[in-house]
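This is what each chain is made of:
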Amino acid sequence: MAGRFSQDFINKVIDANNIVDVVSKQTRLVKKGPRYFGVCPFHSEKTPSFSVHADKQLYYCFGCGAGGNVVGFVMDVNKYTFPEAIEYLAGLANIPVEYESGGGSDDTYKKKKRMMQINRDAAKFFYANLYKTPQALEYVQNRGLSDETMKTFAIGWAPGNNTLYAYLKSKGYSEAELLETSLIREHNGRHYDYFKNRVMFPIMDVSDNIIAFGGRVLDNTQPKYLNSPETAIFFKHSTLYNLNRAKKELPKEPLIIAEGYMDVISLWDKGVKNVCASLGTALNEAHAKLILRYTDNAVLCYDGDAPGRAAAVRGSEILTKAGLEPHVLLLEGNEDPDSFVRKYGADAFKDKVGHSVYATDFKINELRMKYDTDDIVQRARFLKEACAAVAETNDEIKWDYYVKMLAGMTDTDPGVIRKQLYKHTDTETSETKTPQEAQTAPDQPSGIDLVQMRLLKYVMSDMDAYHDFLESGGSASSFLKDEYRTLYREIEQAYADDNSIDITQSLIYNNKIAQAIAFINADDYTIDETEVKSYLMTLQAREIDDECKRIKRKISDIGQSDSGEAELLLKEYHYLKQKLQELKSGGDLDE
């Protein structure tokens, strides 16, 4: 686990990265006045509404409301965690990563970076050897791959005879370092190459670091496919091959999940780039969580044989429980994605994807083939298992559709099916499985958020505005959300220290605060002193109204169990409602 970064190091990394340069890697920007504008990378649009303020080092989209600083942008566009974003930006600026002392994290980080460098050198070695080995090169070229694709995926050849060991030793790596990568093994004091006589496929993490390899033999040697053992940088149960490239196509395209390296590479070569593969393991919860960082729309594309169908059922269950909405595509006959796209082309494959079956429909169809619904006993089993499959979706609108479908399919009373369906939800409510908020663009601020943001903008404009806010009855407690109160206290402290307000450095490592700051910077509307009291009254009215609703719920929960407490709450409720009415009629604050 990575250590903590010091605040000085974080500031150093941010200062070294111009947000205009970083954003320009994702979308083309055009300068207009003090700002740059471009098409938003977070939502589909034709007219550019995404702005970047070079002086403030902030971005904001007037279309979807996305906003923040350079760290927030990297986190959002790449779905990185905060430490991953800082490490990425440090790399862009060629700044060595520094952790705070205590825990040895700096040494761990350096060791992992060293392992990745060894893997990169190994990949170069394998790639060069592919072109020195006619048999291996012929195999790859016979798969119809272009030279560009072979280079993109760095397909190579491991010749064996301990040539990799000799090469890496010549690069200055120690035996201990090489053993940690598992590229080199040791037996009876002798070192040897782990991969021998195999076509090699480098495996990358989502940050484009080579963390492992997969190898395929050209003869009947077993195992046919061999992956690197797990190491300090490679965990196959949470790695998806080619997700580092496929994520750039998401979420505008669904993520296609295939079974093998060549499925992915052949599809990519023909222009289908939104594809990844698990590494010889069944999909699991770690895979699902990784996918959900980028999209909730996935298509499982497996062989149509019995093992492929079973894998599709298991995989769709895992993805559905994680909050995705998977579809299933099974290719007919003996076709796999590799053979299909080479035979019929990308357009035919994309058409198949477009007609893929929603996972619940797929599972119901599989159950129909399993059971004879004309037999009453088998029909009951079919309905129980079908209802279990439907319940996984946790969407009552879909439930209604499937209840009608199953009722018509089995000539069963819809009420009976609905009752069976609800049996599967006794211990699990619909709140437990919702798609992550990260997959949807934030809404534009409106209503009570807009009031608070514009008050903050007014307060930070100058010292006179700050004093006017105080004289109007304003304070930190006037703001209803933690992020606004936190930002106000930062402003308050800056004025107390007689410092100027620099909103680009005010706790911008909190996403919600970054969002607020970005909007404040981009919003053209500025309130004046005559509106301050009105804005504050609006906030107080909302606070009182929320408290009235809370008391009303509490009275309802108490019921007849404690009439004394209920009576006291009722008195408080009526007092607050009266105060709210007076406030709306033009009464004074905190009257």
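Residues numbered from 1 in each chain as written. Predicted model: local features only at pLDDT ≥ 70, side-chain atom pairs only at ≥ 80, totals over all residues. Heavy atoms only, no water.

## What to know about the sheet that holds strand β15 (residues 298–303)
Here's step 1: Ordered by their spatial adjacency, six strands build an open sheet running β12-β14-β13-β15-β16-β17, and the pairing between neighbours is mixed. The open sheet is flanked by β12 (240–241) and β17 (357–358), the only strands paired with a single partner.
Here's step 2: The pairing of strand β16 (residues 327–331) with β17 spans two bridges and is antiparallel. From the neighbouring strand, His327 faces β17, where its bridge partner is Tyr358.
Here's step 3: On top of the sheet, helix α11 (residues 261–269) reaches β12, β13 (255–258) and β14 (275–278); it is set at about 175 degrees to β14, its chief contact. (Pairing = 2+ DSSP bridges. Helix = DSSP H or I, 4+ residues; strand = E, 2+ residues; numbered from the N terminus. Contact = heavy atoms within 4.5 Å. Axes fitted to C-alpha atoms, helices over the stretch in contact; angles between N-to-C directions.)

## Points about the packing of aromatic side chains
Here's step 1: The final tally for this structure, using the stated rule, is 25 aromatic pairs.
Here's step 2: The interplanar angle of 85 degrees and the centroid separation of 5.3 Å between the aromatic rings of Phe126 and Phe213 together place this pair among those described as edge-to-face. Here Phe126 is found in helix α5 (residues 105–130), whereas its partner Phe213 is found in strand β10 (residues 210–216), with 87 residues between them in sequence. For the residue pair Phe126 and Phe213, the accessibility class agrees, reading buried in each case. (Phe/Tyr/Trp six-rings, centres within 6.5 Å; stacked < 30°, edge-to-face > 60°. Buried < 20%, exposed > 50% of the residue type's maximum accessible area, 1.4 Å probe, protein only.)

## Some points on the confidence of the model for the chain
Here's step 1: Model confidence for the chain is summarised by a mean pLDDT of 85, while 89% of its residues fall at 70 or above.
Here's step 2: Here residues 427–442 is a poorly scored stretch, pLDDT under 50, and it has 26 contacts once near neighbours within four places are set aside; other chains count. (pLDDT = per-residue confidence, 0-100.)

## Focus on empty space enclosed by the protein
Here's step 1: With the rule as written, the count across this model stands at two cavities of 30 Å³ or more.
Here's step 2: Of the voids in this model, the second largest cavity is the one considered here, and its volume is about 30 Å³.
Here's step 3: Together, Arg35, Ser51, His53, Leu58, Tyr59, Tyr60, Asn521 and Ala522 line the second largest cavity.
Here's step 4: When residues of the lining of the second largest cavity are traced back to their parent elements, those giving at least two are β3 (50–53), β4 (58–61) and α23 (511–522).
Here's step 5: Of the residues in the lining of the second largest cavity, the class split is four nonpolar, three polar and one charged. (1 Å grid on protein atoms, 1.4 Å probe; cavity = no way out; pocket = protein on both sides within 12 Å on 5 of 7 lines; lining within 4 Å. Points joined across faces, edges and corners; volume = space filled by probe spheres on them. Nonpolar A, V, L, I, M, F, W, Y, C, P; charged D, E, K, R; others polar.)

## Some points on the side chain of Ser49
Here's step 1: Mapped onto the secondary structure, Ser49 falls in the loop between β2 (35–38) and β3.
Here's step 2: The exposure class of Ser49 is buried, given its relative accessible area of 13%.
Here's step 3: Of note is the side chain of Ser49, whose polar atom sits 3.5 Å from the backbone nitrogen of Gly63. (Polar contact = N/O pair within 3.5 Å; in protein donor to acceptor, adjacent residues only side chain to side chain.)

## Remarks on the nonpolar core
Here's step 1: By size, the foremost hydrophobic cluster in this structure holds 57 residues, and its most contacted members are Phe50, Val52, Val71, Leu255, Ile257, Tyr302 and Leu319.
Here's step 2: Among the elements that make up this core, the one with the highest residue count is helix α3 (residues 70–78) (five residues).
Here's step 3: With residues up to four places along the chain from it excluded, the contact list for Leu255 reads Leu243, Ala246, Leu250, Asn274, Val275, Cys276, Ile291, Thr295, Asn297, Ala298 and Val299.
Here's step 4: Of all hydrophobic cores here, the second largest spans 41 residues; its members include Phe153, Ala212, Leu331 and Phe349. (Core = buried A, V, L, I, M, F, W, Y, C linked by side-chain atoms within 4.5 Å.)

## Points about the pattern of salt bridges
Here's step 1: With the rule as written, the count across this model stands at 19 salt bridges.
Here's step 2: The residue Arg143 makes a salt bridge to Asp338 at a minimum N-O spacing of 2.2 Å. One end of the pair, Arg143, is in the loop between α6 (134–142) and α7 (147–152); the other, Asp338, is in helix α14 (residues 337–344), and 195 residues separate them in sequence.
Here's step 3: The buried category is assigned to Asp338, whose relative accessible area is 3%.
Here's step 4: Several salt bridges share partner residues, and in doing so they unite Arg143, Asp338 and Arg342 into one network. (Salt bridge = Lys/Arg side-chain N within 4 Å of Asp/Glu carboxyl O.)

## A word on α3
Here's step 1: Of all nine residues in α3, seven are buried, a share of seventy percent or more.
Here's step 2: Those residues of α3 not exposed but buried are Val70, Val71, Gly72, Phe73, Val74, Met75 and Asn78.

## Overview of the layout of surface pockets
Here's step 1: Each pocket or cavity is described by its volume, and for the second largest pocket that value is around 1,200 Å³.
Here's step 2: Taken together, 38 residues line the second largest pocket, and the ones lying closest to its centre are Glu84, Glu87, Met116, Asp205 and Asn209.
Here's step 3: The element that contributes the greatest number of residues to the lining of the second largest pocket is helix α4 (residues 82–92), accounting for seven residues.
Here's step 4: Its residues placed into classes, the lining of the second largest pocket shows 23 nonpolar, nine polar and six charged.

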